[in-house]
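Below, each chain spelled out in residue letters.
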Amino acid sequence: MRFALSVFFLAVVSVAHAQITFEKGYFIDNENQRVECLIRNLDWRNNPSAFDYKTTNGSTLIRAAISDVKEFGIGSNEKWIRANIKIDTSSMLKLTYNRQPSWKESTLFLKVLIEGEASLYHYAEEGLDRFFFSKARGPIEQLVYKRFLVSSIEAAYNKYYIMQLQANVSCEGKTVDTNLPYNEEALYKHFVAYNGCIGTGLPTSNYKQVKKPDLNLKAVAGFTMSRFTMVYNSGLFTSYNVDFGSQIGFRFGLESEVVLPYNKGKWALIVEPTYRSYNGTAMAGTQELKLDYSSIEIHGGIRHYFFLNESSKLFVNASFVFDFPMNAKIPVGPSLTFELTKSVNNCLGFGLQHKRFSIEGRYYSIRNALSTYPNVDNDFKSYSLVVGHKFY
């Protein structure tokens, strides 16, 4: 089983290294020359500062930096422009008592959501989520929204963007709703309505409906090759090396997967409770020891997909494994019994999914289920082969 898992892992790595998805696009350079090309679309969660492209399928990969590109687009509804702007760099993750923006002049790629008499743009990075606007292709200005502290347990909001919209992007005789959310969907609808009511026709839209995470449930079952060894000191200078041997045990469980709504659905969070069992016997001197080790494992981790085609994809997992033994004990004498306790180790998985079916190989780091006994050293090693069927 170990050899099969190694071959499976090498196949995953090879395909992952070769997989690059390019889509038809263009960019405009500093000389205003439009270049038709194939752009690597990473479905960016945060705004890029560069991108990779090829002029043809067989050509060399080239990196285009923000300093060399005024504008680029992918497909028919994704467009980015370079802009020299003032941006509020106040982090949403670390609030302060200052209600005023912390301005910084930067050159950034802004994602174009609407182009018209009033245009809307978006910028995101870790801890920042900012929207910008311009009128009649004039200067680009940030719509100001900031959460700040008024006490150690209370926060307030600087919603200056409502005043900005009222003064610049509001239909005659209408008042901007003071509860208008500062998010992509709400601002997009506001700008569409404004461009419509001033009679300039429908604006050019690059807006895509905000994606939501997808939940998948999968029944999983398989086999685990495990080996349980321990070394213990029984007193009077006597110690025993006990090997319960390599045994194959059955496992089954239910996997919940949340596919994250960015980067083309290549990243997911996984949680899997699983029942597994191991049974073995060993000799400690002249005494035979028996081990019935059944437990509930709970896997929690991340998964990355490598798409092969519309029906098939490879994946790699990394997870923590929380093990909860079910009355697992090792009697070693009339007055001594070792009781296996809960433990944590790591797991690396790699596999193939085709439509609703999957097959996966897993390697587990060494687990110590007897850590509460100072005179005992224990190693529990495992490899698994798991098949699955996705319900939805």
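Our subject is the structure that appears above.
Thresholds applied
Residues numbered from 1 in each chain as written. Predicted model: local features only at pLDDT ≥ 70, side-chain atom pairs only at ≥ 80, totals over all residues. Heavy atoms only, no water. Buried < 20%, exposed > 50% of the residue type's maximum accessible area, 1.4 Å probe, protein only. Helix = DSSP H or I, 4+ residues; strand = E, 2+ residues; numbered from the N terminus. Pairing = 2+ DSSP bridges. Polar contact = N/O pair within 3.5 Å; in protein donor to acceptor, adjacent residues only side chain to side chain. Phe/Tyr/Trp six-rings, centres within 6.5 Å; stacked < 30°, edge-to-face > 60°. Lys NZ or Arg CZ within 6 Å of the ring centre and 35° of its normal. Arc of directions from axis to C-beta. Expected span 1.5 Å × (residues − 1). Salt bridge = Lys/Arg side-chain N within 4 Å of Asp/Glu carboxyl O.

A. Quick look at the pairing of strand β1 (residues 22-29). Among the eight residues in β1, six count as buried, and that is most of the element. When β1 meets strand β2 (residues 34-40), the two strands line up antiparallel, connected through seven bridges. Residue pairing for β2: Lys24 is matched across the bridge by Leu38. Where β1 folds back on β2, the antiparallel hairpin that results is connected by four residues, among which Asn32 adopts a positive phi of roughly 65°. Two strands pair when backbone bridges link them, and β1 and strand β5 (residues 69-74) are joined in this way by five bridges, in the antiparallel orientation. Residue pairing across strands places Ile28 opposite Glu71, the latter belonging to β5.

B. Quick peek at the side chain of Glu115. Looking at where Glu115 falls in the secondary structure, it is placed in strand β7 (residues 103-115). Within the structure, the side chain of Glu115 is placed 2.8 Å from the side chain of Lys79, a separation counted as a polar contact.

C. Just the packing of aromatic side chains, in detail. Applying the stated criterion across every chain, the model contains 27 aromatic pairs. Aromatic pair Phe250 and Phe252: ring centres 5.9 Å apart, planes at 40°, arrangement tilted. The class of Phe250 is partly exposed, set by a relative accessible area of 41%. Site record: aromatic cluster; members linked through ring pairs are Phe27, Trp44, Phe51, Tyr53, Phe72, Trp80 and Phe109. The ring centre of Phe315 lies 4.6 Å from the NZ or CZ of Arg303, which sits over that ring.

D. Seen up close, helix α2 (residues 160-168). Taken residue by residue, α2 has Tyr161, Ile162, Gln164 and Leu165 as its buried positions. Within α2, the buried residues cover an arc of 160° as seen down the axis, which keeps them to one side. Turned more than 90 degrees away from the buried face of α2 sit Met163 and Ala167, all of them exposed.

E. A look at unusual backbone geometry. Backbone geometry places Asn32, a non-glycine residue, at a positive phi of 65°. Following the sequence through the fold, Asn32 ends up in the loop between β1 and β2. Even without glycine at this site, Lys355 takes up a positive phi of about 55°. Relative to the assigned elements, Lys355 resides in the loop between β21 (343-354) and β22 (357-364).

F. The arrangement of helix α3 (residues 184-197) in detail. The first and last C-alpha atoms of α3 sit 20 Å apart over 14 residues, in line with the 20 Å expected at 1.5 Å per residue. When we look at burial in α3, the residues that qualify are Glu184, Ala186, Leu187, Tyr188, His190, Phe191, Tyr194 and Asn195. The opening residue of α3, the one whose side-chain oxygen lies 3.3 Å from the backbone nitrogen of Glu185, is Asn183. Phi turns positive, to about 80°, at Gly199, one or two residues after α3.

G. Inspection of the pattern of salt bridges at higher detail. Overall, the coordinates contain 16 salt bridges when judged by the stated rule. Across the pair Arg367 and Glu297 runs a salt bridge, and its minimum N-O distance is 2.8 Å. Here Glu297 lies in strand β17 (residues 287-307) and Arg367 lies in the loop between β22 and β23 (376-390), a separation of 70 residues in the sequence. Per residue, the accessibility class of Arg367 equals that of Glu297, and both read buried. Where salt bridges share partners, they join Arg251, Arg276, Glu297, Asp323 and Arg367 into one cluster.

So yeah, pure geometry; function would need other evidence.
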